[in-house]
Amino acid sequence: MSAMKSQEASSSASPCSYHVFLSFRGEDTRKTFTDHLHTALGQEGFHTFRDDDGIEKGEDIKSELDRAIRESRISIIIFSKNYATSTWCLEELVMILKRRASGHIVLPVFYDVNPSEVMKQIGSFKEAFVRYEERLKSETCELTKEKLKDKVGTWRAALREVADVAGMNLQNQVDGHEAKFIKKIIEVVRDKLSRTTLNIAPNLVGIHSRVKDIQLWLEDGPSNVDIVAICGMGGIGKTTTATYLYNLNFSRFECCSFIADVREISTQQSGLLRLQKQFLTDILKTRKVKLDSIAQGTALIKDAICRKKVFVVLDDVDKRDQLEALLGIGGWLFPGSKIIITTRYERLLGASKFYKVHRLESLSAEESLELFSWHAFGKYCCPNNGYGEVSKRVVSYCGGIPLAIKVLGSSLSGNCLNVWKSQLEKLKAIPNSQILEKLRISYDSLQDDHDKHLFLNIACFFVGSDKESTVTILDGCEFYTVVGIQNLVDRCLISIDKSNTLVMHHLLQEMGREIVRQQSPKEPGKRSILWNHQDAFNVLRENTVRIILCSLCIVV
């Protein structure tokens, strides 16, 4: 993400001065439909921004409009016949759509045009763009011509995007009765504002490239795939990615639900029932849901969401029975419904045709340095002094894992350069406990001691080794290596590269070795595995001395 985009993301926490921002073509509807809607919104208690009474004389109009959009929860865009003839309206539309990424709700209202006219830019919208194209042809200044060409392209893209957002059509919904239509708009606004955006960290780096494919799937409407699983090792940013996508898209669906901490809550007493109740409360929009059993809850959920276009995020799922309790298993959802799950288990649903895996990759070196700089220095780049080189070394240690970058950046912030260098040396011997705790969840969730012990052996001895050679060696040590390696791959703890080599992120490798070290921090001889050469030599020497002493005692 560029510096500009990072600054945009950081502003997502702007306070809300308005409930609603009204965007409209003044000459078309200011004294009629828009005026009636503005009055109705005010009567319902919604603080509404309208440009004729929201901007003080003498103020910069564009910056004030942008501020008003940022400080509003929802924008209602009223499309009328001459909307596209106003460059102000089109610029305003672009500003509104930019805010969707931070959870701003967009509600298109098609007053006396059809959504297809906006999407395809036909009818009066075509006429408006014909005039823009004529201006392009007559423009003699190449710089001005290029700027206008870019703007026209941006306006066209914005109209296509907004026409794809679930909106309201006067003719289709109430057969042209404006009073009834306004009443329906009020109901929709009330419903949408009752849904809150989720808190998300500012200064998101690399998020756009990570969500691109999933966002296209979310925008496509009905498809053969009901569920997308965002997979990856601990700390890679699965929850952040899912939260970003939820904020960006939830207003496009009839109902939505974000269920957090599924793995942790499901292990608690009546945990799955609590999750089902929360899910049903979100979908049915009711405060009281009574359930006597998980089976009953699953049946009610299936009945509820097979009749509505829903968007659901299930965060941190690690067992199939959690999905079965909360969803059944896909293939019966209402057309256009979308489910996102985050999980450390890549094959949670096996080869289900309704299920697609999106594996998150590590941040690039450039992205890592930018994210680190936000947390260590409060800006998108490192200062030009001795900190720059040490920052690169810290980032290299983190290996593109956002959690590690954030933790170390925050912990080093404000300290002198010598402390930074000392901390980096310490990390080589003892990993950061906060990072370790997050990474260890995947290890602890392994199904049995066999897979845990296999992981520790691979972390200590076989990273970078040929898979077949490793299988031969470990099978001889009474491991069930083939199935065990597959389980570790499914849990995103290891991977196999194109040359059939075992690959493990170095922070996971450090975690494995630290787990072994913690078995007996001061007495290496009591650990289950000795991977450090010096520790092995010392233990061998001590045991040799003990054997000699014992032998002498026997002789005496």
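First, a word on what this report is: a plain description of the structure on this page. (Residues numbered from 1 in each chain as written. Predicted model: local features only at pLDDT ≥ 70, side-chain atom pairs only at ≥ 80, totals over all residues. Heavy atoms only, no water.)

1. Points about the sheet that holds strand 2 (residues 48-49)
To keep it simple, the criterion reads: Paired strands are those between which DSSP finds at least two bridges. Under the scheme used here, helices are H or I runs from DSSP no shorter than 4 residues and strands are E runs no shorter than 2 residues, and both carry numbers assigned from the N terminus. By definition in these notes, contact holds between two residues if any of their heavy atoms fall within 4.5 Å. Here, axes are lines fitted to C-alpha atoms. For helices the fit covers the stretch in contact, and angles between N-to-C directions go from 0 to 180 degrees.
Spatially, the five strands line up as an open sheet ordered 2-1-3-4-5, and their pairing is parallel. Where the open sheet ends on each side, the last strands, each with one partner, are strand 2 and strand 5 (168-169). Across six bridges, strand 3 (residues 72-79) lies against strand 4 (residues 105-110) in parallel orientation. Bridging across to strand 4, Ile76 finds its partner in Leu107. Packed onto the sheet, helix 6 (residues 87-98) meets strand 1 (18-23), strand 3 and strand 4 and runs at close to 145° relative to strand 1.

2. Notes on the environment of Thr39
With respect to the element layout, Thr39 can be found in helix 3 (residues 33-43). Once the C-alpha coordinates of Thr39 and Ile340 are considered, the two residues, 301 residues apart in sequence, prove to be 39 Å apart.

3. A look at helix 9 (residues 142-163)
Heads up, the condition is: Expected span of a helix, by definition, is 1.5 Å for each gap between consecutive residues, and there is one gap fewer than residues. Classification of residues uses two cut-offs on accessible area relative to the type maximum, computed with a 1.4 Å probe and protein chains only: under 20% is buried, over 50% is exposed, and between them is partly exposed. Read the arc as the range of directions from the helix axis to the C-beta atoms.
Compared with an ideal rise of 1.5 Å per residue, which puts 22 residues at 32 Å, helix 9 spans 32 Å between its outermost C-alpha atoms and is within 8% of the ideal. Taken together, the buried positions of helix 9 are Leu148, Val152, Trp155, Ala158, Leu159, Val162 and Ala163. Buried residues along helix 9 cover an arc of 130° about the axis, so they all sit on one side. Exposed side chains of helix 9 directed beyond 90 degrees from the buried face belong to Glu142, Leu143 and Lys149. Contact partners of the buried residues in helix 9: strand 3, helix 6, strand 4, helix 7 (115-120) and helix 8 (124-138).

4. Points about the packing of helix 12 (residues 207-219) against helix 13 (residues 238-249)
The line we're drawing: Note that the term roughly parallel is reserved for angles under 35 degrees, roughly antiparallel for angles over 145, roughly perpendicular for angles of 65 to 115, and oblique for everything else. Each crossing gets its hand from how the near helix is turned against the far one by less than a right angle, where anticlockwise is left-handed and clockwise is right-handed. All amino acids are sorted into three groups, where Ala, Val, Leu, Ile, Met, Phe, Trp, Tyr, Cys and Pro are nonpolar, Asp, Glu, Lys and Arg are charged, and the leftover types, Gly among them, are polar.
It is at 10 Å that the axes of helix 12 and helix 13 come closest, and there the two elements cross at 50°. With respect to their mutual orientation, helix 12 and helix 13 come out oblique. In this structure, helix 12 crosses over helix 13, and the sense of that crossing is right-handed. Here helix 12 contributes Ile207, His208, Arg210, Val211, Ile214, Gln215 and Leu218 to the contact with helix 13, which in turn contributes Thr241, Tyr244, Leu245, Leu248 and Asn249. Here the residues of the contact of helix 12 with helix 13 are counted per class, giving seven nonpolar, four polar and one charged.

5. Considerations on the pairing of strand 3
On a regular strand, each side chain points to the face opposite its neighbour's, so the side chains alternate between the two faces of the sheet. Here is the rule: Handedness of a crossover: with both strands directed away from the viewer, a clockwise path from the first strand across the helix to the second marks it as right-handed.
Of all eight residues making up strand 3, seven are buried, and the element is well covered by its neighbours. When strand 1 meets strand 3, the two strands line up parallel, connected through five bridges. Residue pairing in the sheet places Leu22 in a bridge with Ile76 of strand 3. The β-α-β motif built from strand 3, the intervening helix 6 and the parallel element strand 4 has right-handed crossover chirality.

6. Description of the pattern of salt bridges
Defined as follows: Only one rule defines a salt bridge in this text: a Lys or Arg side-chain nitrogen within 4 Å of an Asp or Glu carboxyl oxygen.
A complete count under the given rule lists 21 salt bridges for this structure. Residues Glu44 and Arg190 are paired through a salt bridge, measuring 2.9 Å at the closest nitrogen-oxygen approach. Of this pair, Glu44 sits in the loop between helix 3 and strand 2 while Arg190 sits in helix 11 (residues 178-194); the two residues are 146 residues apart in sequence, bridging distant segments of the chain. Note on Glu44: relative accessible area 42%, which makes it partly exposed. In this structure, Glu425 engages Arg393 in a salt bridge whose closest nitrogen and oxygen atoms are separated by 3.6 Å. Here the residue Glu425 occupies a position in helix 21 (residues 417-429), and Arg393 occupies one in helix 19 (residues 387-398), the gap between them amounting to 32 residues. Residue classification places Glu425 among the partly exposed residues on the basis of a relative accessible area of 42%. Linked by salt bridges that have partners in common, Lys62, Glu91 and Lys151 make up one network.

7. Quick look at helix 11
Its 17 residues place the ends of helix 11 24 Å apart at the C-alpha level, agreeing with the 24 Å of an ideal helix rising 1.5 Å per residue. Turning to helix 11, its buried residues number three or more, namely Phe181, Ile182, Ile185, Ile186, Val189, Lys192 and Leu193. Along helix 11, the residues classed as buried sweep out an arc of 145° about the axis, all on the same side. Counted as exposed and oriented over 90 degrees from the buried face of helix 11: Lys180, Lys183 and Ser194.

8. Describing the packing of aromatic side chains
What counts, and what does not: When the centres of two rings from Phe, Tyr and Trp lie within 6.5 Å, Trp using its six-membered ring, the rings pair. Their planes under 30 degrees apart give stacked, over 60 give edge-to-face, and anything left gives tilted. Counted as over-ring charges are cases with an Arg CZ or a Lys NZ within 6 Å of the ring centre that also lie within 35 degrees of the ring normal.
Inspection of the entire model under this criterion finds 20 aromatic pairs. Between Tyr18 and Phe49, the aromatic rings sit 5.3 Å apart at their centres with planes inclined by 75°, giving edge-to-face as the arrangement. Of this pair, Tyr18 sits in strand 1 while Phe49 sits in strand 2; the two residues are 31 residues apart in sequence, bridging distant segments of the chain. Take Tyr18: its relative accessible area is 13%, and that puts it in the buried class. According to the relative accessible area criterion, Phe49 is buried, its value standing at 1%. Taken together through their ring pairs, the aromatic side chains of Tyr246, Phe250, Phe253, Phe258 and Phe311 make up a single cluster. It is Arg491 that lies over the ring of Tyr345; its NZ or CZ is 4.4 Å from the centre. The ring of Trp531 has Arg513 lying over it, and the distance from NZ or CZ to the ring centre is 4.2 Å.

9. Quick look at the packing of helix 5 (residues 61-70) against helix 6
Where helix 5 contacts helix 6, the axes come no closer than 10 Å and their chain directions differ by 40°. In terms of axis orientation, helix 5 runs oblique to helix 6. Of the two elements, helix 5 crosses helix 6, and the hand of that crossing is right-handed. On helix 6, the residues that touch Ile61, Lys62, Leu65, Asp66 and Ile69 of helix 5 are Trp88, Glu91, Glu92, Met95 and Ile96. Residues of the contact of helix 5 with helix 6, tallied by class, amount to six nonpolar, no polar and four charged.

10. Looking at the side chain of Arg527
Note the cut-off: The definition of a polar contact used here is a pair of N or O atoms within 3.5 Å, where within protein one atom must be able to donate a hydrogen and the other to accept one, and adjacent residues in sequence count solely through side-chain atom pairs.
With respect to the element layout, Arg527 can be found in the loop between helix 26 (506-518) and helix 27 (533-555). Here Pro521 takes part through its backbone oxygen, which lies 3.1 Å from a polar atom of the side chain of Arg527. With residues up to four places along the chain from it excluded, the contact list for Arg527 reads Val516, Arg517, Gln519, Ser520, Pro521 and Asp535.

11. Observations regarding the state of the cysteines
Heads up, the condition is: The criterion for a disulfide is a pair of cysteine sulfur atoms lying within 2.5 Å.
Using the criterion set out here, one finds zero disulfides in the structure. Counting only cysteine sulfurs, Cys492 is the nearest neighbor of Cys231, a cysteine outside any disulfide, at a range of 5.5 Å.

12. So, unusual backbone geometry
Backbone phi values are negative for most residues with the exception of glycine, while trans is the configuration of most peptide bonds. Phi angles above zero are rare outside glycine, and Glu478 is one such case at about 70°. Here the phi dihedral of Cys492 falls at roughly 60°; this positive angle occurs in a residue that is not glycine. Take Cys492: it is sitting in the loop between helix 25 (481-490) and strand 11 (495-496).

13. Brief notes about the nonpolar core
Put simply, the rule is: Among buried residues, those of type Ala, Val, Leu, Ile, Met, Phe, Trp, Tyr and Cys that are joined through side-chain atoms within 4.5 Å constitute a nonpolar core.
One finds Leu37, Ile76, Ile185, Val189, Ile340 and Ile458 to be the most contacted residues of the largest nonpolar core, which totals 99 residues. The greatest single-element share of this core, amounting to seven residues, is contributed by helix 23 (residues 449-462).

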